[in-house]
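Coordinate analysis (summary)
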Amino acid sequence: MLTNQLTPEQIAFYREHGYLHLPRIFTPAETDELAAELDWLIEKWALPDASWSGPWRQVYMNADTEKKSKLVAMHDLHFYSGAWSRCVTNRNLVRCMVDLLGRDVELHHTTMHVKPPETGHPFPMHQDNAFYEHTDGRYVDVLVHLDNTRHENGEIRFLPGSHKSGYLPHITRTPAGACTPHLPTDKYALDQTVPVPAARGDVVIFNIFTVHGSHLNQTNEARRLVRLGYRHVENVQLSGQSKGRPGLMVAGRRPRQPGQELFSTEMFVTNPVAALKPATDVAGAR
Ligand SMILES: O=C(O)CCC(=O)C(=O)O
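Fair warning: this is a prediction, and the values are worked out from it, not measured in the lab. (Residues numbered from 1 in each chain as written. Predicted model: local features only at pLDDT ≥ 70, side-chain atom pairs only at ≥ 80, totals over all residues. Heavy atoms only, no water.)

Another aspect to go through is the overall build of the protein. Helix and strand content of the protein: 7 helices and 15 strands. Taking 2.2 N^0.38 as the reference for a compact globule, 286 residues should give roughly 19 Å; the C-alpha atoms of the protein span a radius of gyration of 18 Å, in line with that estimate. Here the C-alpha coordinates of the protein stretch approximately 55 × 40 × 40 Å along the principal axes. When the 286 residues of the protein are sorted by exposure, 52% land in the buried category. (Helix = DSSP H or I, 4+ residues; strand = E, 2+ residues; numbered from the N terminus. Rg over C-alpha atoms; globule rule 2.2 N^0.38 Å. Buried < 20%, exposed > 50% of the residue type's maximum accessible area, 1.4 Å probe, protein only.)

Around the ligand there are 13 residues in total, and Asp-128, His-212, Ser-214, Arg-223 and Arg-227 lie nearest to it. Between an oxygen atom of the ligand and a side-chain N or O atom of His-113, the distance comes to 3.3 Å. Ser-214 places a side-chain nitrogen or oxygen 2.6 Å from an oxygen atom of the ligand. Contact with the protein chains covers 100% of the free accessible surface of the ligand, which is 290 Å². Mapped by element, the contributors of at least two residues to the shell around the ligand are β3 (105-115), β4 (123-126), β12 (212-214) and β13 (223-232). Of the residues contributing to the shell around the ligand, the split by class is 4 nonpolar, 4 polar and 5 charged. (Near = heavy atom within 4 Å. Polar contact = N/O pair within 3.5 Å; in protein donor to acceptor, adjacent residues only side chain to side chain. Areas by Shrake-Rupley, 256 points an atom, 1.4 Å probe, with all protein chains shown as cover. Nonpolar A, V, L, I, M, F, W, Y, C, P; charged D, E, K, R; others polar.)

In this section: empty space enclosed by the protein. This model, assessed by the stated rule, comprises 3 cavities of 30 Å³ or more. As a volume, the largest cavity reaches approximately 110 Å³. Taken together, 14 residues make up the lining of the largest cavity; nearest its centre are His-113, Phe-123, Leu-143, Ile-156 and His-212. At the level of elements, β4, β12 and β13 are the ones that each hand at least two residues to the lining of the largest cavity. Grouping the amino acids of the lining of the largest cavity by side-chain chemistry returns 5 nonpolar, 5 polar and 4 charged. (1 Å grid on protein atoms, 1.4 Å probe; cavity = no way out; pocket = protein on both sides within 12 Å on 5 of 7 lines; lining within 4 Å. Points joined across faces, edges and corners; volume = space filled by probe spheres on them.)

What follows is about the environment of Gly-102. With respect to the secondary-structure elements, Gly-102 resides in the loop between α6 (91-101) and β3. In this structure, the C-alpha to C-alpha distance between Gly-102 and Ala-176, residues 74 residues apart in sequence, is 43 Å.

Applying the stated criterion across every chain yields a total of 7 aromatic pairs. Aromatic side chains Trp-52 and Phe-123 sit 4.9 Å apart centroid to centroid with 90° between the ring planes, which places their arrangement in the edge-to-face category. With Trp-52 in the loop between α2 (28-44) and α3 (56-60) and Phe-123 in strand β4, the pair connects residues that are 71 residues apart, well separated along the chain. Both residues of the pair, Trp-52 and Phe-123, count as buried. Geometrically, the ring pair formed by Trp-52 and Phe-131 is tilted, given 5.0 Å between the ring centres and 40° between the ring planes. Of this pair, Trp-52 sits in the loop between α2 and α3 while Phe-131 sits in the loop between β4 and β5 (132-134), placing them 79 residues apart in sequence. Phe-131 carries the same exposure label as Trp-52, and that label is buried. Each residue in the set Phe-13, Tyr-19, Phe-158 and Phe-206 is aromatic and connected to the rest through ring pairs, giving one cluster. (Phe/Tyr/Trp six-rings, centres within 6.5 Å; stacked < 30°, edge-to-face > 60°.)

Further remarks concern the pairing of β13. For β13, the buried fraction is high: 10 of the 10 residues fall into the buried class. Residue alternation in β13 divides its side chains into two sets, Arg-223, Leu-225, Arg-227, Gly-229 and Arg-231 and Arg-224, Val-226, Leu-228, Tyr-230 and His-232, and both sets are buried. Where β3 and β13 come together, 10 bridges link them in antiparallel fashion. Counterpart to His-109 in the pairing with β13 is Gly-229. Bridge analysis of strand β6 (residues 139-145) against β13 gives 7 bridges, and the strand direction is antiparallel. Across the sheet, Val-142 pairs through a bridge with Leu-228, a residue of β13. (Pairing = 2+ DSSP bridges.)

What follows is the structure in structure tokens.
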């Protein structure tokens, strides 16, 4: 079995705090290849502005920045690039997932988050379970760093131990209509969080219930991150992004339940254009 990549101390840190920084999971050569492929994806496929909506925008940005702020994003990079397929099955990374999730691990999604220079979109505090709701906490999000991060370009920030509270109610509507799920800014402030700056080739992982967010990118270079979502194969998804879609088994096996059918061979997306619309157009996705 693929296991024992993480030390007992690292596993205990993740269980206690709900996140963990893992330096140098990818070699410099692997990181260079992933970054080059990411740039190609940004040019050819990504949505140039998949910004999140909601009243939090006025709290974290002044009026001028708010108008200019953008997020470059797309889902499922591994459907478009072989390098990103190799990334999701990286042996060291998969061993970490087995250490945290158990023997049978399924890939759920990959999502690009690129904060463009100077006004790259902040993220209000939220739990990822608000976007892809699962039955339990056996779900790890992995942020692959293609650039060094720090305060100035909006490194990831966490509320330590917040995963222990389980799923919290998020704001999903305002009087003006639906908005991107987020936690109230008066109760969950970015300033109360722990920053986790990381280097190119590092990953930062966190639990699906860990409250997190990030500040604006104020530098003159893009900040490129890709999130990979892995779950225990028996952690059933209840709603949101990619629900009902089988994922790649990256470790172990998919147990068969009594009477369970094989997966359909029909295409699961009937309207690929609709599937790529940003969060503001597709409730529960981003
Ligand atoms: O890209 C960021 O700074 C935030 C990432 C995030 O919130 C997420 O992946 O859920």
